[in-house]
Amino acid sequence: MRLSRILAQKVKASGYMPDLIVAIGRGGYVPGRLVSDFLLFNDLTSMKIEHYSRAADMREEARIKFPIPVDITGKKS
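Because the structure is predicted, anything quoted here is derived from the model rather than measured.

Peer 1: Which residues make up the side chain of serine 4, and what values do they have?
Peer 2: One can find serine 4 in helix 1 (residues 2–14). Beyond its immediate sequence surroundings of up to four residues, serine 4 is in contact with Pro31, Leu34, Val35 and Phe38.

Structure representation (structure tokens):
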């Protein structure tokens, strides 16, 4: 939570405001939601990226298993 608050403060201080926050599954949902809340921002979506085919078998390249479920054409994230 502390790191999410720090990130949100840095984003706010930079003057940058995204159109969309994308949370990455298996570790990024909670930080994404927290950053979204700290920025008082409602547009949050998620996707899942996999590096593993099974528990400890790492793939050579990551692949998108569940893509972003909304059209993000022209959005900055």
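From this point, the narrative continues.
Peer 1: Please give an account of unusual backbone geometry that cites residues and values.
Peer 2: Here the phi dihedral of leucine 40 falls at roughly 55°; this positive angle occurs in a residue that is not glycine. As for its position among the elements, leucine 40 is in the loop between helix 2 (29–38) and strand 2 (44–54).

Peer 1: Just give me the short version of the nonpolar core, but keep the residues and values in it.
Peer 2: Ala8, Val11, Ile21, Val35, Leu39 and Phe41 form the largest nonpolar core, which has six residues in total. Excluding anything up to four places from it in sequence, alanine 8 contacts Val35, Phe38 and Leu39.

Peer 1: Which residues make up the packing of helix 1 against helix 2, and what values go with them?
Peer 2: At a minimum axis separation of 9 Å, helix 1 and helix 2 run at an interaxial angle of 45°. Taken as axis vectors, helix 1 and helix 2 run oblique relative to one another. Helix-helix and strand crossings are classified by hand; for helix 1 and helix 2 the assignment is right-handed. Across the interface between the two elements, Ser4, Arg5, Leu7, Ala8 and Lys12 from helix 1 touch Pro31, Leu34, Val35 and Phe38 from helix 2. The residue inventory of the contact of helix 1 with helix 2, partitioned by class, reads six nonpolar, one polar and two charged.

Peer 1: Kindly report on the confidence of the model for the protein, identifying the contributing residues and their values.
Peer 2: In this model, the protein carries a mean pLDDT of 85, and residues with pLDDT of at least 70 account for 94%. Within the protein, the element-level pLDDT minimum falls on strand 3 (residues 57–66), averaging 76, and the maximum on helix 1, averaging 96.

Peer 1: Got a sec to walk through helix 1? Specific residues and values, please.
Peer 2: Under the 1.5 Å per step criterion, the end-to-end length of helix 1 is 18 Å for 13 residues, consistent within 8% with the ideal 18 Å. Of all the residues in helix 1, the buried ones are Ser4, Ala8 and Val11. Mapping the buried residues of helix 1 onto a view down its axis gives an arc of 60°, with all of them on the same face. Exposed positions of helix 1 whose direction lies more than 90 degrees from the buried face are Arg2, Leu3, Lys10, Ala13 and Ser14. Residues of helix 1 that are buried sit in contact with helix 2.

Peer 1: Explain the layout of surface pockets residue by residue, including any values.
Peer 2: Estimated volume of the largest pocket: approximately 150 Å³. Forming the walls of the largest pocket are Leu7, Val11, Tyr16, Pro18, Leu20, Ile21, Pro31, Gly32, Val35, Leu39 and Ser77. Contributions of two or more residues to the lining of the largest pocket are made by helix 1 and helix 2. If you tally residues by element for the lining of the largest pocket, the top one is helix 2, at three residues.

Definitions and limits used
- Residues numbered from 1 in each chain as written.
- Predicted model: local features only at pLDDT ≥ 70, side-chain atom pairs only at ≥ 80, totals over all residues.
- Heavy atoms only, no water.
- Helix = DSSP H or I, 4+ residues; strand = E, 2+ residues; numbered from the N terminus.
- Contact = heavy atoms within 4.5 Å.
- Core = buried A, V, L, I, M, F, W, Y, C linked by side-chain atoms within 4.5 Å.
- Buried < 20%, exposed > 50% of the residue type's maximum accessible area, 1.4 Å probe, protein only.
- Axes fitted to C-alpha atoms, helices over the stretch in contact; angles between N-to-C directions.
- Parallel < 35°, antiparallel > 145°, perpendicular 65-115°, else oblique.
- Left-handed = near helix turned anticlockwise from the far one by under 90°.
- Nonpolar A, V, L, I, M, F, W, Y, C, P; charged D, E, K, R; others polar.
- pLDDT = per-residue confidence, 0-100.
- Expected span 1.5 Å × (residues − 1).
- Arc of directions from axis to C-beta.
- 1 Å grid on protein atoms, 1.4 Å probe; cavity = no way out; pocket = protein on both sides within 12 Å on 5 of 7 lines; lining within 4 Å.
- Points joined across faces, edges and corners; volume = space filled by probe spheres on them.

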